[in-house]
Amino acid sequence: VSNSNITILIILHLNNINYTYFANYLLNGGVLIITGNHTLVNIFMKNLGISMLEGNTIITNNLNYYKNNQILLYNYDNLQIIFPYSHDILGGNAIVKLGKFDVVDYTKVGNGEIITISSKYFFINKYYQMYDNSEFLHKLTGTNNVRILIFNKITTMDYIKEIL
C-alpha cells in the first residue's frame, strides 16, 4: 500500500457521494480504505463498478472471540486486532483471513486500490484503541497521515440537537 493519498471512508449513508471524484481518485493512484454498513458499502462498490462486496452474514467463530462470539480477536503480524461484528468479504484479495472468511481485502482500481475492512466498528474509539487496531492501520498504510471522510445522514433530530 502506498503511503501517500490515503483516505478512510466510513459510509453510514449514501447522500451526496460524488462517485466520479472517488473513481478519479482511485484511477490516479489514491488508496481508499472503506468500511460502513455492509449494504451501503456494496452499493458504493457497485456504483464504482467494483465486484468486491461484503456478505450478509456476521462471522462468528467460537475459537477467536472477545466478550461474545461476534467480536473477533485475531493475531496478525505480532499484532492483536479486533473485528467487531464482521461480514465476509467476497471478490477481493485477502489481507486478513479468519478461517475461511476474509475480513480485510483489497483490489486494484486503475493506479490505486480499495481496501475493505469488514467491520464498520473497527474505527470506533472503543475498538480502535483496544488491542492493536490503530497499529494495524499504520502498518497497513505505512503512515500515520490519513484523511477520514464520514458520510452520515443528517436527520431532523440532528438539526434540533444543534439548535439546543
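Model, not experiment: these values are computed from the prediction.

Visitor: Would you mind showing me how to read the overall build of the protein here?
Guide: Helices and strands together make up the secondary structure of the protein, namely five helices and ten strands. Relative to its 164 residues, the protein shows a buried fraction of 45%. Residue pairs at least 24 apart in sequence account for 62% of intrachain contacts in the protein once pairs closer than 6 positions are excluded. When the accessible surface of the protein is split by element, carbon and sulfur atoms take 48% of a total near 8,800 Å².

Visitor: I tried to follow helix H2 (residues 38-47) on my own but got confused; where do I start?
Guide: In an α-helix, one turn spans 3.6 residues, which is why side chains three or four residues apart end up on the same side. Taken together, the buried positions of H2 are occupied by His38, Leu40, Val41, Asn42, Phe44 and Met45. Close packing links the buried residues of H2 with strand S1 (6-11), helix H1 (19-27), strand S2 (31-36), strand S3 (53-58), strand S6 (87-90) and strand S9 (112-117). Two to three positions downstream of the cap, the backbone nitrogen of Thr39 sits 2.9 Å from a side-chain oxygen, assigning the N-cap of H2 to Asn37. A positive backbone phi angle near 75° is found at Gly49, which sits one or two residues after H2.

Visitor: Help me understand the pattern of salt bridges, please; the structure alone is not making it clear to me.
Guide: Opposite charge on two side chains makes pairing possible when the charged atoms of those side chains draw close. The full count for this structure, using the stated rule, is two salt bridges. For the salt bridge of Asp77 with Lys139, the shortest nitrogen-to-oxygen distance reads 2.9 Å. With a gap of 62 residues between them, Asp77 in the loop between strand S4 (71-76) and strand S5 (79-84) and Lys139 in helix H4 (residues 133-141) connect regions that are remote in the sequence. For Asp77, a relative accessible area of 46% translates into the label partly exposed. We classify Lys139 as partly exposed; its relative accessible area is 43%. A salt bridge links Asp102 to Lys97; the shortest N-O distance between them is 2.7 Å. Using a relative accessible area of 37% as the deciding quantity, one classes Lys97 as partly exposed.

Basis of the calculations
- All chains use their own residue numbering, which begins from 1 and follows the written sequence.
- pLDDT decides what is reported in this predicted model: residues at 70 or higher carry local features, side-chain atom pairs at 80 or more are listed and counted, and totals for whole chains, interfaces and linings draw on all residues regardless.
- Hydrogen atoms and water are omitted, and side-chain values are computed over all heavy atoms in the structure.
- Counting from the N terminus, the helices are DSSP H or I runs at least four residues long and the strands are E runs at least two residues long.
- Relative accessibility under 20% of the residue-type maximum defines a buried residue, over 50% an exposed one, and the middle range a partly exposed one, all with a 1.4 Å probe and only protein chains included.
- We call two residues in contact whenever any of their non-hydrogen atoms come within 4.5 Å of each other.
- The accessible surface values rely on the Shrake-Rupley method and a 1.4 Å probe; as for residues, cover is taken only from the protein chains in view.
- In the analysis that follows, any N or O atom pair within 3.5 Å is treated as a polar contact, provided that within protein one partner can donate a hydrogen and the other can accept it, and provided that, for residues neighboring in sequence, both atoms belong to side chains.
- Salt bridge, as used here, is a side-chain nitrogen of Lys or Arg placed within 4 Å of a carboxyl oxygen of Asp or Glu.

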